[in-house]
Amino acid sequence: MDEIQSVIEALNGCQRALVTTHVRPDGDALGSTAALVMGMRSRGIEARVLLLSHLPTKYAFIYEENDIRHWDAEAGWPAGLELGEFDSLWVVDTGTWSQLPGLKERIGQVKGPKVVVDHHLTQENWADLKLVRTKAAAAGEIVAELLERWGVVVDQPMATALYLALVSDTGWFAYSNTTPATMRLAARLMEMGVDTDRIYQKLYQNERPQRIALQTLAMDSMQLAGDGALAVMRLSRHDFEQAGAGVPDTEGVVNIPLQIGSVQVSMLGVEPKDFGPVRVSLRSKGQVDVARFCEKFGGGGHARAAGLKLEGGVDEVMAKVTGEMEKTLREGEK
Ligand SMILES: [Mn+2]
């Protein structure tokens, strides 16, 4: 039996599914979980969602329009959520504990299969079933295939959720992870009636001025290293206060320095609002595998988009990571 068939058997065997995704969910995480939940519902499965941090305003429409309610574990484990009440756990768009805070300690309570549906390179082996396709541009691509193979009739709301997943992870089909399969799926979803212009405006023309203010501060902090091949930006707690912005407002900011011709790798260090490790996001034009780089620090992700967390002040952390990256860039030249 192939991988996908085993997952379909698991779908057929469940009645009460809990669906979750990585902390700080993005458009792929929310679009693909929404599509999976709608697919499950269409098959009579009672599907519930657990988000490990707040539902970002930008993507909230995909849950709200489809009446997908969720538990929010950002401020602590939600009262009344008993994992033992579910007969399966579906983890979408991640396969690592570091992206699933609070879940590892409780995973033993889940009855039935724990299934990972993901496209990230960095994986840990704790799930009973895994459907991991690292060539898929988005988890939504895998969910689409799963729904199709399961015989679910994809309707306009499901298509919209899947389209949101695709465009979020491909930068509207611009990043190198976009494949002919991505475009074929996108075409099919458009034929199902997705209002692509509406999604475009929600994603790219709907920012608060505070986000642009934060972006300005990040760009102001930019320093070039490694003979211009590395761009380093940082945002301190003070910057967030000054801009009136929050951590979700940093989304996409790390991509900006890639506009510079000489830059191969861009890094953004973000100091958390409360105490805790500094989060560093990395993007690469392809010369450096940033997922492998981040694994040295216990992080991970994709070859061209990855992240890590380190304890310390933002300046100290960025100095350390910058030094390591300069070394990596020098080694790459040999
Ligand atoms: Mn994804």
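Each remark here, short or long, concerns the structure printed above.
Presented here is an overview of the structure given in this document. Given the structure is predicted, the values throughout are model-derived calculations rather than measurements.

Cut-offs used in this document
Residues numbered from 1 in each chain as written. Predicted model: local features only at pLDDT ≥ 70, side-chain atom pairs only at ≥ 80, totals over all residues. Heavy atoms only, no water. Donors = N, O, S within 2.8 Å, 3.2 Å for Na, K, Ca; no water. Helix = DSSP H or I, 4+ residues; strand = E, 2+ residues; numbered from the N terminus. Buried < 20%, exposed > 50% of the residue type's maximum accessible area, 1.4 Å probe, protein only. Pairing = 2+ DSSP bridges. Core = buried A, V, L, I, M, F, W, Y, C linked by side-chain atoms within 4.5 Å. Contact = heavy atoms within 4.5 Å. 1 Å grid on protein atoms, 1.4 Å probe; cavity = no way out; pocket = protein on both sides within 12 Å on 5 of 7 lines; lining within 4 Å. Points joined across faces, edges and corners; volume = space filled by probe spheres on them. Nonpolar A, V, L, I, M, F, W, Y, C, P; charged D, E, K, R; others polar. Salt bridge = Lys/Arg side-chain N within 4 Å of Asp/Glu carboxyl O.

Remarks on the coordination of the manganese ion
Step number 1: Taken together, D28 (OD), D93 (OD), H119 (NE2) and D169 (OD) make up the full set of protein donors to the manganese ion, lying 2.1 to 2.3 Å away.
Step number 2: Summarised as a motif, the one-chain spacing of the donors to the manganese ion is D-x64-D-x25-H-x49-D. Taken together, the positions of D28 in helix 2 (residues 27-42) and H119 in the loop between strand 5 (114-118) and strand 6 (129-132) put the pair 91 residues apart, joining distant regions of the chain.
Step number 3: For D28, a relative accessible area of 0% corresponds to the buried category.

Here we look at the pairing of strand 5
Step number 1: Among the 5 residues that make up strand 5, 5 are buried, leaving the element largely enclosed by the rest of the structure.
Step number 2: The two faces of strand 5 match: K114, V116 and D118 on one face and V115 and V117 on the other face are all buried.
Step number 3: As defined by bridge partners, strand 5 adjoins strand 6 across 4 bridges and the pair is classed as parallel. Across the sheet, V116 pairs through a bridge with K130, a residue of strand 6.

Focus on the nonpolar core
Step number 1: If you look at the biggest cluster of nonpolar residues, it comprises 57 residues, and the most contacted ones within it are M40, Y63, W90 and L146.
Step number 2: In this structure M40 touches L11, A17, V19, I45, A47, W90 and W150, once residues within four positions along its chain are discounted.

As for the sheet that holds strand 9 (residues 265-270)
Step number 1: A sheet is described by the order of its strands in space; here 6 strands give the open sequence 7-8-9-10-12-11, paired in mixed fashion. At either end of the open sheet lies a strand with only one pairing partner, and these are strand 7 (223-225) and strand 11 (300-301).
Step number 2: Of the strand pairs in this sheet, strand 7 and strand 8 (residues 230-235) are connected by 3 bridges, and their pairing is antiparallel. Residue pairing across strands places L224 opposite A231, the latter belonging to strand 8.

Overview of unusual backbone geometry
Step number 1: You will see that W172, though not glycine, has its phi angle at about 55°, which is positive.
Step number 2: Tracing the chain through its elements places W172 in the loop between helix 5 (156-170) and helix 6 (180-191).
Step number 3: A relative accessible area of 22% means that W172 is categorised as partly exposed.
Step number 4: You will see that F173, though not glycine, has its phi angle at about 65°, which is positive.
Step number 5: Assignment of secondary structure puts F173 in the loop between helix 5 and helix 6.

Thoughts on the layout of surface pockets
To locate leftover empty space, one rolls a probe as large as a water molecule over the atoms.
Step number 1: If you add up the space inside the second largest pocket, you get close to 200 Å³.
Step number 2: Lining the second largest pocket, in full, are R133, K135, A136, E141, I142, A144, E145, E148, A181, R184, L185 and R188.
Step number 3: Those elements that provide at least two residues to the lining of the second largest pocket are helix 4 (139-150) and helix 6.
Step number 4: Here the lining of the second largest pocket gets 5 residues from one element, more than from any other, and that element is helix 4.
Step number 5: Here the residues of the lining of the second largest pocket are counted per class, giving 5 nonpolar, no polar and 7 charged.

Structural notes on the pattern of salt bridges
Step number 1: Considering all chains together, one arrives at 16 salt bridges under this definition.
Step number 2: Among the salt bridges present, the one from E145 reaches R133, with a minimum N-O distance of 2.5 Å. Of this pair, E145 sits in helix 4 while R133 sits in the loop between strand 6 and helix 4; the two residues are 12 residues apart in sequence, bridging distant segments of the chain.
Step number 3: Its relative accessible area of 26% is what places R133 among the partly exposed residues.
Step number 4: In this structure, a network of salt bridges that share partners links the residues R16, E46 and E85.

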